[in-house]
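One letter stands for each residue in the lines below.
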Amino acid sequence: MDRFLLLQIRNADDKMRDQEIGCFARALNCDRSQIGVHDLLAGPPTIEELDAVDVVLLGGSGDYSVAEGGDWLPPALLAMWELVELGKPTFASCWGFQAMAKALGGEVVTDASRAELGSIEVQLTQAGRDDPLFGPLGDRFLAPMGHQDCVVRLPPQAVLLARSETNQNQAFRVKDRPIYGTQFHPELDRLAFIQRIHAYPAYVKSITGDSLEAFEASVQDTPATDQLLGRFMQLLREA
């Protein structure tokens, strides 16, 4: 039975702390009991914690920005470095994608003009089309997305796999490591995405200008990205 460790960066009263665990369990087709949680606000996980699991997961962040930083950021970035050094199988989405890029020497900025929220079209690069995980998604696909922080420069260890019209960097893998990152949220299906935006209603208005009801009606299913985490696990088992 696979064992997972979800590294969260969320406040104790964030309603999405528990929802995020359920989203990863659904996308991975595993029981919630297989997913342990470590709070990065308390510092990085120990080597013993990492050794005890098969895969590390990173997701979104309710109130914490890689670009804005804070006292919590250096220890969190140290955790990213340790994952790369250990070659620990890792899948990082949204905040995790940005943190991994920053830890390895990339650049992350807050840029409202590049903010994306909704079911956003993403296109694979040639490296993405050749990648065993991303290639089956098809050249273009819809992905659930919500962010204002953007990775504007990838680190040298990263191989760019996907881009969108607004953001050049949407997905990467780390060279010679079983580590992937996506700006979008493959752990979210349409229902979970709608639950997520209801938790942060002001976010919808500030990025899209739409009412919550109008925005919800525009959210589409994202069948391509919904298969991504399951295939990630399949590839790990085959390796």
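Everything below is about the structure shown above.
Residues numbered from 1 in each chain as written. Predicted model: local features only at pLDDT ≥ 70, side-chain atom pairs only at ≥ 80, totals over all residues. Heavy atoms only, no water.

Draft legend 1. Geometry of the sheet that holds strand β9 (residues 158–164). In space, the nine strands of this open sheet follow the order β2-β1-β3-β4-β11-β10-β9-β6-β7, with mixed pairing throughout. Every interior strand has two partners, whereas the edge strands, β2 (35–39) and β7 (140–147), have only one. The average undirected angle you get between the axes of adjacent strands in this sheet is 25°. Across three bridges, the pairing between strand β6 (residues 116–124) and β9 is antiparallel. Within β9, the residue paired with Q123 across the bridge is R163. In the packing of helix α7 (residues 201–208) onto the sheet, the strands contacted are β6 and β7, and the crossing angle to β6 comes to about 60°. (Pairing = 2+ DSSP bridges. Helix = DSSP H or I, 4+ residues; strand = E, 2+ residues; numbered from the N terminus. Axes fitted to C-alpha atoms, helices over the stretch in contact; angles between N-to-C directions. Contact = heavy atoms within 4.5 Å.)

Draft legend 2. Highlighting the nonpolar core. Ranked by size, the top nonpolar core spans 33 residues in total, and within it L7, L40, L58, M80, W95, M100 and F172 carry the most contacts. The set of elements that each furnish at least two residues to this core consists of β1 (4–8), β3 (55–58), α3 (73–86), α4 (95–103), β9 and β10 (171–174). When sequence neighbours within four positions are dropped, the list of residues in contact with M80 reads L7, L40, L58, A99, M100 and A103. Counting residues in each nonpolar core, the second largest holds 32 residues, with F24, I35, A171 and F184 among its members. (Core = buried A, V, L, I, M, F, W, Y, C linked by side-chain atoms within 4.5 Å. Buried < 20%, exposed > 50% of the residue type's maximum accessible area, 1.4 Å probe, protein only.)

Draft legend 3. Geometry of the environment of E85. As for its position among the elements, E85 is in helix α3. For E85, a relative accessible area of 56% puts it in the exposed group. Considering only alpha carbons, one finds E85 and R177, 92 residues apart in sequence, at a separation of 9.0 Å.

Draft legend 4. Structural detail: the packing of aromatic side chains. In the structure shown here, the tally under the stated rule is eight aromatic pairs. Look at Y180 and F232: their rings are 6.0 Å apart centre to centre, the planes differ by 80°, and that puts the pair in the edge-to-face class. Of this pair, Y180 sits in strand β11 (residues 179–182) while F232 sits in helix α10 (residues 228–238), placing them 52 residues apart in sequence. Each member of the pair Y180 and F232 is classed as buried. For the ring pair F193 and F215, a centre distance of 6.3 Å and an interplane angle of 50° mean the geometry is tilted. With F193 in helix α6 (residues 190–199) and F215 in helix α8 (residues 212–218), the pair connects residues that are 22 residues apart, well separated along the chain. Each member of the aromatic cluster is reached from another via a ring pair, and the members are F91, F134, Y180 and F232. (Phe/Tyr/Trp six-rings, centres within 6.5 Å; stacked < 30°, edge-to-face > 60°.)

Draft legend 5. Broad picture of the pairing of β3. Taking every second residue as pointing to the same face, both faces of β3 are buried, with V55 and L57 on one and V56 and L58 on the other. Of the pairings in the sheet, the one linking β1 to β3 comprises four bridges and is parallel in character. If you follow L6 over to β3, its bridge partner there is L57. As paired elements, β3 and strand β4 (residues 90–93) share three bridges and run parallel to each other. Across the sheet, residue L58 finds its bridge partner in β4, namely A92. Of the crossover connections in this fold, the one passing from β3 over α3 to the parallel β4 is right-handed. (Right-handed = clockwise from strand over helix to strand, strands pointing away.)

Draft legend 6. Geometry of the pattern of salt bridges. Summed over the entire model, instances satisfying the criterion amount to 13 salt bridges. Linking D111 and R114 is a salt bridge whose minimum nitrogen-to-oxygen distance equals 3.1 Å. Overall, the relative accessible area of 19% leaves D111 in the buried class. Overall, the relative accessible area of 32% leaves R114 in the partly exposed class. In this structure, R140 engages E121 in a salt bridge whose closest nitrogen and oxygen atoms are separated by 3.2 Å. One end of the pair, R140, is in strand β7; the other, E121, is in strand β6, with 19 residues separating them in the sequence. Owing to a relative accessible area of 47%, R140 belongs among the partly exposed residues under this scheme. On the accessibility criterion, E121 (44% relative accessible area) is partly exposed. Beyond isolated ion pairs, a larger network of salt bridges with shared partners links E121, R129, D139 and R140. (Salt bridge = Lys/Arg side-chain N within 4 Å of Asp/Glu carboxyl O.)

By themselves, these are just geometric observations and shouldn't be taken as functional.
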